[in-house]
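Geometric and topological summary
One letter stands for each residue in the lines below.
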Amino acid sequence: MISLYIMHDFNYRHKYLYAEDVRLVDLAKKAGTPAYVYSRKSFYDHFSKLDKAFRKKPHLICYSLKANSSLSILRLLAGWGAGADIVSGGELYRALCAGIRPEKIVYAGVGKTEDEIAYAIRKGILLFNVESLPELSLINEVALSLGKAPRVCIRINPDIEPHTHSYLVTGKKETKFGISIPLAREIFSDRIKWPGVHIAGIHCHIGSQIIEISAYQKALKKIIPFIKKDLEPRGISIEFLNIGGGMGIVYNKETPATPQNFSRKILPLMKGLNAKLILEPGRFIAGNSGILLTRVIYIKESWGKKFVVVDSGMNDLIRPSLYNAHHEIRPLISKKGKRERVDVVGPICESGDFLAKARLIEELKAGDIIAVMSAGAYGFTMSSNYNSRPRVPEVLVNGSSFKIVRKRETYKDLIRGEL
Ligand SMILES: *Cc1c(COP(=O)(O)O)cnc(C)c1O
């Protein structure tokens, strides 16, 4: 499994943990802690493996910004030819700032506002992924008033169980996402009702951190017959088939498919379809391409339990608190010493503020720095100023050099904009 699935470039050399060719203790001296650290090579490897796996079919990889929207990362991805999957006007702004071309940008989300829709139409994005009838009507009206005819794809909710954390399920009927197949059928039939838009295809994103490819297959086995048996015989052709993102990664002991296996299981289902394929990976590209460095402040023992109190908390990385997510903990200097069971907790005034619970890790002492692994996706982008904590810097490693690509916030930054 590990040999086929590219993991990342954060590895030990002797006792020191490195990011590519940068020793992380040296980086931490310059950047301070806490800090997010990204590997350019890991981002590239994940992107290019997926891109190559689908080379036999015309396709576009629209990187999902919400996983990690650092401008420096987006600029790299733009240079490698990636498009963007966005879910807000702010993400559109970021994508354009980073040089992602509008004709490679797709826009999903159940709550697009009129202003956001107008902004995206003016910028000439590739298409909207429409999630409801009222949204379709609003896009239609805004388009007519602007005298433009944007493309839209209908986001289908196939009612599939993707077997992931309940908050990450988006393709089941009780979630807020997408449109049922019967309603999609009506929309395609009645498409002259929305003369301001061009209905160009189908979108489907069933969830995130999906390990079983069979979930994608089940979704496609509902969608492809709909295209072939319902739409095509009525002369409705599909220019885009967007299968979303959601490809799971290794945090702990998961065994996700390699990009090769994924494409081998997916592409045969699309035989005979001329539509261009769109993929929207976020976590797959970013998740194992970043880590969070944090320093041990205290070792606290209480009622026989040991707490490693670190300088980073749920405001910096909320995944353990929000999803009970597992993130591996690695000391920057491994002493191969005895291991002990501890809770790794932050300074935030909530018992839900932890990075690891009852975890067996090498014995640590105050001042040691640890890496919270697999923090490249939904890490910094979900961080906040809770407890009036400045947001942490982001550092990009490339070979033997590194650069701080986002400065640590200051106390002044915390009150900026307040009157
Ligand atoms: C979040 C999201 C994605 C990316 O999901 P990952 O699990 O990070 O790959 C793709 N498409 C849409 C519509 C999303 O909302």
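Residues numbered from 1 in each chain as written. Predicted model: local features only at pLDDT ≥ 70, side-chain atom pairs only at ≥ 80, totals over all residues. Heavy atoms only, no water.

Together, Lys49, Lys52, Arg55, Lys56, Arg264 and Lys265 make up a region of like positive charge exposed at the surface. Of all the secondary-structure elements, those providing two or more residues to the positive patch are helix 2 (40–53) and helix 9 (259–266). The topology assignment puts Arg55 in the loop between helix 2 and strand 5 (59–64). Overall, the relative accessible area of 55% leaves Arg55 in the exposed class. (Patch = residues over 30% accessible without salt bridge, like charges linked within 9 Å, V, L, I, M, F, W, Y side chains within 5 Å. Areas by Shrake-Rupley, 256 points an atom, 1.4 Å probe, with all protein chains shown as cover. Salt bridge = Lys/Arg side-chain N within 4 Å of Asp/Glu carboxyl O. Lys, Arg positive; Asp, Glu negative; His and termini not counted. Charge placed at Lys NZ, Arg CZ, Asp CG, Glu CD. Helix = DSSP H or I, 4+ residues; strand = E, 2+ residues; numbered from the N terminus. Buried < 20%, exposed > 50% of the residue type's maximum accessible area, 1.4 Å probe, protein only.)

What follows is about the nonpolar core. Of all hydrophobic cores here, the largest spans 100 residues; its most connected members are Tyr63, Phe128, Phe188, Ile202, Leu241, Phe262 and Val344. The leading source of residues in this core is helix 8 (residues 214–231), at nine residues. Looking at which domains feed residues into this core, each of domain 1 (10–39 + 287–414) and domain 2 (108–281) supplies at least three. The residues touching Phe262, leaving out its near neighbours within four places in the chain, are Phe54, Ile213, Tyr216, Ile243, Met247, Ala257 and Leu279. (Core = buried A, V, L, I, M, F, W, Y, C linked by side-chain atoms within 4.5 Å. Domains from an automatic or database assignment. Contact = heavy atoms within 4.5 Å.)

Inspection of every chain in the model, using the stated rule, returns 22 salt bridges. For Lys338, the salt bridge is made with Glu363, and the minimal N-O distance between the two is 3.3 Å. With Lys338 in the loop between strand 15 (329–331) and strand 16 (339–345) and Glu363 in the loop between strand 17 (354–362) and strand 18 (369–372), this residue pair connects regions lying 25 residues apart in the sequence. Overall, the relative accessible area of 55% leaves Lys338 in the exposed class. Taken together, the shared-partner salt bridges connect Asp9, Lys41 and Asp45 into one network.

Attention now goes to the site of the ligand. Surveying the vicinity of the ligand reveals 15 residues, the closest of which are Lys66, Ser208, Glu280, Arg283 and Tyr378. Take Glu280: an N or O atom from its side chain is 2.6 Å from a nitrogen atom of the ligand. In this structure, Gly282 approaches the ligand through a main-chain N or O atom, which is 2.9 Å from an oxygen atom. Protein contact buries 95% of the 380 Å² of open area that the ligand shows by itself. (Near = heavy atom within 4 Å. Polar contact = N/O pair within 3.5 Å; in protein donor to acceptor, adjacent residues only side chain to side chain.)

To continue, consider the pairing of strand 8 (residues 127–130). Burial along strand 8 is two-sided: Leu127 and Asn129 and Phe128 and Val130, pointing in opposite directions, are all buried. Judged from the two bridges that link them, strand 7 (residues 105–107) and strand 8 form a sheet pairing that is parallel. Counterpart to Tyr107 in the pairing with strand 8 is Phe128. Following the backbone out of strand 7, through helix 5 (residues 114–123) and into the adjacent parallel strand 8, one traces a crossover that is right-handed. Across three bridges, the pairing between strand 8 and strand 9 (residues 151–155) is parallel. In the strand pairing of strand 9, Asn129 is matched with Cys153. Note on the crossover from strand 8 through helix 6 (residues 133–146) to strand 9: the handedness is right-handed. (Pairing = 2+ DSSP bridges. Right-handed = clockwise from strand over helix to strand, strands pointing away.)

So, on to unusual backbone geometry. Going from Thr33 to Pro34, the amide bond is cis rather than trans, its omega being -5 degrees. Along the polypeptide, Pro34 turns up in the loop between helix 1 (24–31) and strand 4 (35–39). Look at Asp159: it is not a glycine, yet its phi comes out positive at around 60 degrees. Assignment of secondary structure puts Asp159 in the loop between strand 9 and helix 7 (181–189). Overall, Asp159 belongs to the partly exposed group, its relative accessible area being 30%.

It is worth spelling out the domain arrangement of the protein chain at this point. When cut into domains, the protein chain gives domain 1 (10–39 + 287–414) and domain 2 (108–281). One C-alpha centre belongs to domain 1, the other to domain 2; they are set 36 Å apart. Each partner contributes to the interface: domain 1 provides ten residues, whereas domain 2 provides eight residues. Interface area for domain 1 against domain 2, summed over the two sides, is near 770 Å², with a carbon-plus-sulfur share of 55%. The tally of links between domain 1 and domain 2 comes to zero salt bridges. For the pair domain 1 and domain 2, the number of links is two residue pairs in polar contact (both at pLDDT 80 or more). Considering only residue class, the side of domain 1 that touches domain 2 consists of three nonpolar, five polar and two charged. (Buried area = accessible area lost by both parts, 1.4 Å probe. Nonpolar A, V, L, I, M, F, W, Y, C, P; charged D, E, K, R; others polar.)

Attention now goes to helix 5. Where helix 5 is concerned, the buried positions are Glu116, Ile117, Ala118, Ala120 and Ile121. The inward-facing, buried residues of helix 5 contact helix 4 (89–97), strand 7, strand 8 and helix 6. Once helix 5 ends, the next one or two residues include Gly124, with phi positive near 75 degrees.

When we look at burial in helix 7, the residues that qualify are Ile181, Ala184, Ile187 and Phe188. Along the long axis of helix 7, the arc covered by the buried residues comes to 115 degrees, so they all point the same way. Summarising the contacts, the buried residues of helix 7 are in contact with helix 6, strand 9, strand 10 (198–203) and helix 8. (Arc of directions from axis to C-beta.)

What follows covers the packing of aromatic side chains. In the structure shown here, the tally under the stated rule is ten aromatic pairs. Taking the centre distance of 6.3 Å and the plane angle of 70 degrees together, the rings of Tyr167 and Tyr323 count as edge-to-face. Within this pair, whereas Tyr167 is found in the loop between strand 9 and helix 7, its partner Tyr323 is found in helix 11 (residues 319–323), the two being separated by 156 residues in sequence. Relative accessible area serves as the criterion here: at 54%, Tyr167 is assigned to the exposed category. Classification of Tyr323 as buried rests on a relative accessible area of 13%. (Phe/Tyr/Trp six-rings, centres within 6.5 Å; stacked < 30°, edge-to-face > 60°.)

In the contact formed by helix 4 and helix 5, the axes pass within 9 Å of each other and the chain directions differ by 25 degrees. For the element pair helix 4 / helix 5, the angle class is roughly parallel. Side by side, helix 4 and helix 5 meet where Gly89, Leu92, Tyr93 and Leu96 of the first sit next to Glu116, Tyr119, Ala120 and Lys123 of the second. (Axes fitted to C-alpha atoms, helices over the stretch in contact; angles between N-to-C directions. Parallel < 35°, antiparallel > 145°, perpendicular 65-115°, else oblique.)

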